[in-house]
Amino acid sequence: MATLSILVPAYNEARTIAEILDKVIEAPLSFSLEKEIIVINDGSTDNTQARLDEYLKKYNESTLASKPKIMVHEKKINEGKGAAIHTGIKLATGEYIIVQDGDLELDPREFNILLQPIVENYADVVYGSRFAGGKAHRVMDFWHSGGNRLLTFFSNVFSNLNLTDMETCYKLFKADIIKNINLKEKRFGFEPEVTAKVAKVPGVRIYEVGISYYGRTRNDGKKIGWKDAVRTMWCILKYNIGK
């Protein structure tokens, strides 16, 4: 039976980490797949690790009929989302790897939407777009959504892809694809870097599917800001034009 490795990078997500793990565990998987859940606590300064320790203790003592494997890796120093994902990729043992943020913006019940083209051997990489399809999405401020679309357009110009949402968290990879890519960006530059480098893989088949989006604002705990957008523009140029 093949395995889906679910990477959960978390930084100061004490409010939501238990709930998102419940959702990941409860999400049904089609295609006879098993789950492997890898949480990477990226040097959180709140009580995220305490919540994870408590959650794992209760989970190990539970009598659930089906219990996916859960691994928690604590990084003592905050290095960024990209660095946490790098760690998760190294630890993952599944044939497929997906990223799931530690907040509640995306719905793990939609894993199967992303899995279908990859399991049925149409795709090697699948992006879950918040801007495509008819799924529910929270109406956000113009500049936030407009900035995402602009960065995606800029990325497409240089990668020669036609994505609608390069910045999406939901990126699903065949493990042998992503494990053989040398990733360097430690923060939110992961998104443009991995897109540029995946696009350069000979013969790679990239698909995109529509997903729901229950977005949060900075008041809700969203961490990305304008400095990350500037870094993203730099990464698009660096990793598409450079080698």
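What comes next is a walk through the structure. Computed from a predicted model, the values in this text were never measured in an experiment. (Residues numbered from 1 in each chain as written. Predicted model: local features only at pLDDT ≥ 70, side-chain atom pairs only at ≥ 80, totals over all residues. Heavy atoms only, no water.)

Moving on: the packing of aromatic side chains. Across all of its chains, the model carries 3 aromatic pairs by this definition. Ring geometry for phenylalanine 111 and tyrosine 170: centres 5.7 Å apart, planes at 50°, overall tilted. Of the two residues, phenylalanine 111 sits in helix 4 (residues 111-119) while tyrosine 170 sits in the loop between helix 5 (142-159) and strand 6 (171-174), which places them 59 residues apart along the sequence. Residue class for tyrosine 170 comes out buried when judged on its relative accessible area of 0%. With a centroid separation of 5.1 Å and an interplanar angle of 80°, the aromatic rings of phenylalanine 154 and phenylalanine 158 are classed as edge-to-face. Of this pair, phenylalanine 154 and phenylalanine 158 both sit in helix 5, 4 residues apart, roughly one helical turn. (Phe/Tyr/Trp six-rings, centres within 6.5 Å; stacked < 30°, edge-to-face > 60°. Helix = DSSP H or I, 4+ residues; strand = E, 2+ residues; numbered from the N terminus. Buried < 20%, exposed > 50% of the residue type's maximum accessible area, 1.4 Å probe, protein only.)

Once that is clear, we can look at helix 3 (residues 81-91). Side chains of residues three or four places apart in an α-helix project in the same direction, reflecting 3.6 residues per turn. Within helix 3, 9 of the 11 residues are buried, which leaves the element mostly enclosed by the surrounding structure. For helix 3, the set of buried residues is Lys81, Gly82, Ala83, Ala84, Ile85, His86, Thr87, Gly88 and Ile89. Lining the buried residues of helix 3 we find strand 1 (3-10), strand 2 (34-42), strand 3 (69-75), strand 4 (96-99), helix 6 (175-178) and helix 7 (190-199). (Contact = heavy atoms within 4.5 Å.)

Here alanine 18 lies in helix 1 (residues 17-26). The partly exposed category is assigned to alanine 18, whose relative accessible area is 30%. When the C-alpha positions of alanine 18 and lysine 171 are compared, they lie 22 Å apart, and in sequence the two are 153 residues distant.

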